[in-house]
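# A structural walkthrough
Read off the chains here:
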Amino acid sequence: MNRLPLSTMPMSASSPVMLAVAALCCALLLCADASVHDYTGERFAALGNAFVLNGGSEGVYASPAADSFIRFEKVAFKRTRESAAAAEEDGNRTATITAVVSEAADRDAAVTGARALCCTADMARRGTCTEGSLVRRAPNSTASGSWPKVLSASFLPGALEAVFPDETVAVARTGMYSLRFVHCDASLDVAAEGKTIWKNSRGYGYLPGRMAPLLAFYGVMSLAFAALAAFWFLRYTRFWREVVPLQNLVTVVIALGMVEVTTWYLDFAEFSESGVRPAGTTFWAATAGAVRRTVSRVLVLLVAMGYGVVRPTFSGGGSAGARVAALGAAFFAASEALEVGEHVGAVSDHDHSRTRRLFLVLAVAVLDAAFICWIFAALSRTIGKLKARRMAAKVELYRRLATSLTIAVAVSLGWITFEVHFKSTDGYHSERWRVAWVIPAVWQLISFALLCAICLVWAPSHDSTRFACSEECGDDDGDDVEDGARPLMIGAGPLSYVDNWACYVTQDAKIILRTDSGVYAKTGDEDKRV
């Protein structure tokens, strides 16, 4: 979507922006690192009768060259002295931590075939396992090797650290893979250190599988925005004398869109090369997106309210200006917090709090709904006024805008329904992870398509000034000629016999001829073009 002269709007809503900045700082501190999964003091959580630490879950693209892998680098677990002392009192019992790498769809079965993750006394008496050890099924021999892959490290008597070997697990089959660290000792108090590196086949690099196609997508989107900008620039330079303020603001939206998609491309490119998501680039890409969405919605709202077409400026808007500024600031704050919290440093859904994300998603959705309702209500009022003034050209312009917005809203609602279904059915942990990138991509395409429609409707042309309102244009409460108030003044242009026209006589006997290209007045024997 799009916007209008913000410099003339009251800035009484600056406090939500400050709150957004504070939220961004918090999000930057809370986010995790990338496809290089760092472990810096993470601890185990109880799961059944075992203790589990999720080491990562990502889609991995494999190739015949066998260059896809999951590598353990300096992965170690440190226990407290109290935990080591408890093990000595129990006869120098050996505590073991097991790492299980499996395909995510087979994750639970890979660890256990029963309800208990750790071998109980009853199970040990039946001879199926050793008491206190992890229960896991035997590996399956497949064309891609024996899975699941199991590594282990044990604490020697009195030792405070157990170190995993720096081993590389080759991935020969494309799929969603999961890494879990598991131990069965309730007295063991340990923290994880080190990292694991997850790499795709050539062409995707270190990008998580569900993000990998976005690199090419944002490259294409950068070219699409460049083409749109070239079209707009050519029309702009050709008809620069007829350019109106609305078209200057469309230029701003195009520029913001170019910055956004290009920054996302650079973000994914650097992520693919290094394996660590660049927090700075991601932050600016998320911020550019939040600014572009806010500016677009404010512009469309102001156009729908008639500013620049029915009214000359936003000055004099009074409380309406304050409400638009407040809604725009609140939307920017919520959108910025959501984008930064969801993308900066994040790789998988495990990287952010579901409760916090749900709150931010609902906040953005409510504010978006407020924009949509206000825009369509304003469009209805503006079209009604233009019909009353017999301004057929402007009515047609606004009808095309309303049609474009209606299609965009309908497609958005349909896509929201699909997205909710996709995520609620655990789409990232089945084969559908390979198409998960389509969800953010379609949102970008909807936004770009609407921007293209607006560019076609409002493109600079030789008659752009026909749709512009002069500085003498009246406001909502005083621009109806038939009520005796001051008439609407349209920018100068030649009177055409094919123009739509209407004639009025005011209370002071002034004759007003209104056409698509101008307004003419006659008082007594004097003719005047106004």
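Residues numbered from 1 in each chain as written. Predicted model: local features only at pLDDT ≥ 70, side-chain atom pairs only at ≥ 80, totals over all residues. Heavy atoms only, no water.

The residue Lys 74 is not glycine, and still its phi comes out positive at about 55 degrees. Given a relative accessible area of 68%, Lys 74 falls into the exposed group. (Buried < 20%, exposed > 50% of the residue type's maximum accessible area, 1.4 Å probe, protein only.)

Averaged over all residues, the pLDDT of the chain equals 75, while 70% of them reach at least 70. When mean pLDDT is compared element by element in the chain, helix H5 (residues 213-238) scores highest at 92, while helix H1 (residues 14-30) scores lowest at 39. In this model, residues 1-34 is a region of pLDDT below 50 whose contacts with residues beyond four sequence positions or in other chains number 88 contacts. Low confidence marks residues 525-530, where pLDDT is under 50. Its contacts with residues over four positions away, or in another chain, come to 17 contacts. (pLDDT = per-residue confidence, 0-100. Helix = DSSP H or I, 4+ residues; strand = E, 2+ residues; numbered from the N terminus. Contact = heavy atoms within 4.5 Å.)

Turning our eyes to something else, we now look at the state of the cysteines. Evaluation of the coordinates by the stated rule reveals one disulfide. Across the disulfide, Cys 118 is cross-linked to Cys 184 (sulfur-sulfur distance 2.0 Å). Here Cys 118 and Cys 184 share a disulfide; its torsion about the S-S bond, -90 degrees, makes the bridge left-handed. Of this pair, Cys 118 sits in the loop between helix H3 (107-111) and helix H4 (121-125) while Cys 184 is found in the loop between strand S11 (175-183) and strand S12 (190-199), placing the two residues 66 residues apart along the sequence. Here Cys 118 falls in the buried class, since its relative accessible area comes to 3%. No disulfide involves Cys 452; its sulfur sits 6.3 Å from that of Cys 455, the nearest cysteine. (Disulfide = S-S within 2.5 Å.)

Moving on, we come to the environment of Glu 193. Looking at where Glu 193 falls in the secondary structure, it is placed in strand S12. For Glu 193 and Asp 38, which are 155 residues apart along the polypeptide, the C-alpha to C-alpha distance reads 7.4 Å. Beyond its immediate stretch of four places on either side in the chain, Glu 193 contacts Tyr 39, Lys 74, Val 75, Ala 76 and Lys 78.

What follows deals with the packing of aromatic side chains. One pass over the structure, following the stated rule, counts 17 aromatic pairs. Here Phe 217 and Trp 437 contribute two aromatic rings whose centre-to-centre distance is 6.4 Å and whose plane-to-plane angle is 55 degrees, an arrangement assigned as tilted. With Phe 217 in helix H5 and Trp 437 in the loop between helix H10 (392-424) and helix H11 (438-458), the pair connects residues that are 220 residues apart, well separated along the chain. An aromatic cluster of three or more residues is present, and its members are Tyr 39, Phe 44, Phe 72, Phe 77, Phe 164 and Phe 181. The ring of Tyr 206 has Lys 199 sitting right over it, with the charged end atom 5.9 Å from the ring centre. (Phe/Tyr/Trp six-rings, centres within 6.5 Å; stacked < 30°, edge-to-face > 60°. Lys NZ or Arg CZ within 6 Å of the ring centre and 35° of its normal.)

Moving on, we get to helix H6 (residues 245-274). In a regular helix each residue adds 1.5 Å, so 30 residues correspond to 44 Å; H6 covers 44 Å between its end C-alpha atoms and thus fits that length. Just downstream of H6 lies Gly 275, where phi reads positive at about 85 degrees. (Expected span 1.5 Å × (residues − 1).)

The buried fraction of strand S3 (residues 50-60) amounts to nine of the 11 residues, a majority that puts the element mostly inside the structure. Pairing analysis gives three bridges linking strand S2 (residues 45-47) to S3, with the strands arranged antiparallel. Note on S3: the bridge partner recorded for Ala 45 is Val 52. Between S2 and S3, which pair antiparallel one after the other, the connecting turn spans two residues, and Gly 48 there sits at a positive phi close to 65 degrees. For S3 and S11, the ladder comprises nine bridges, and the chain directions are antiparallel. Bridging across to S11, Leu 53 finds its partner in Phe 181. (Pairing = 2+ DSSP bridges.)

Let us now look at the packing of H10 against H11. Packed helices, taken two at a time, are described by the angle their axes make and the gap between the axes. Relative to each other, H10 and H11 sit at 180 degrees, their axes nearing to 10 Å. If you check the angle between H10 and H11, you find them roughly antiparallel. Class assignment of the residues belonging to the contact of H10 with H11 gives a composition of 19 nonpolar, two polar and two charged. (Axes fitted to C-alpha atoms, helices over the stretch in contact; angles between N-to-C directions. Parallel < 35°, antiparallel > 145°, perpendicular 65-115°, else oblique. Nonpolar A, V, L, I, M, F, W, Y, C, P; charged D, E, K, R; others polar.)

One pass over the structure, following the stated rule, counts 11 salt bridges. Between Arg 292 and Glu 260 there is a salt bridge, with its nearest N and O atoms 2.9 Å apart. Of this pair, Arg 292 sits in helix H7 (residues 279-304) while Glu 260 is found in helix H6, placing the two residues 32 residues apart along the sequence. As far as burial versus exposure is concerned, Arg 292 and Glu 260 are alike and both buried. (Salt bridge = Lys/Arg side-chain N within 4 Å of Asp/Glu carboxyl O.)

The subject of this paragraph is the packing of H5 against H6. As a packed pair, H5 and H6 sit with axes 9 Å apart at the nearest point and diverge in direction by 155 degrees. One finds that H5 runs roughly antiparallel with respect to H6. Note on packing geometry: the crossing formed by H5 with H6 is left-handed. Among the residues making up the contact of H5 with H6, the classes are represented as 18 nonpolar, seven polar and no charged. (Left-handed = near helix turned anticlockwise from the far one by under 90°.)

Moving on, we get to the sheet that holds S3. Across a sheet, strands are paired by hydrogen bonds formed along the backbone, either parallel or antiparallel in direction. On the basis of which strands lie adjacent, the open sheet formed by five strands has the order S2-S3-S11-S5-S8 and antiparallel pairing. Both outer strands of the open sheet, S2 and strand S8 (149-155), are each paired with one neighbouring strand and no more. Taken pair by pair, the neighbouring strands of this sheet meet at an average axis angle of 35 degrees, ignoring direction.

In terms of nonpolar packing, the biggest core is built from 75 residues, with Ile 254, Phe 268, Met 305, Leu 379 and Trp 458 touching the most fellow members. Secondary-structure elements contributing two or more residues to this core are H5, H6, H7, helix H8 (319-343), helix H9 (354-388), H10 and H11. When residues of this core are assigned to their parent elements, the largest contribution, 11 residues, is made by H7. Formed by 27 residues, the second largest nonpolar core is a distinct cluster that contains Phe 44, Leu 53, Val 75 and Val 101. (Core = buried A, V, L, I, M, F, W, Y, C linked by side-chain atoms within 4.5 Å.)

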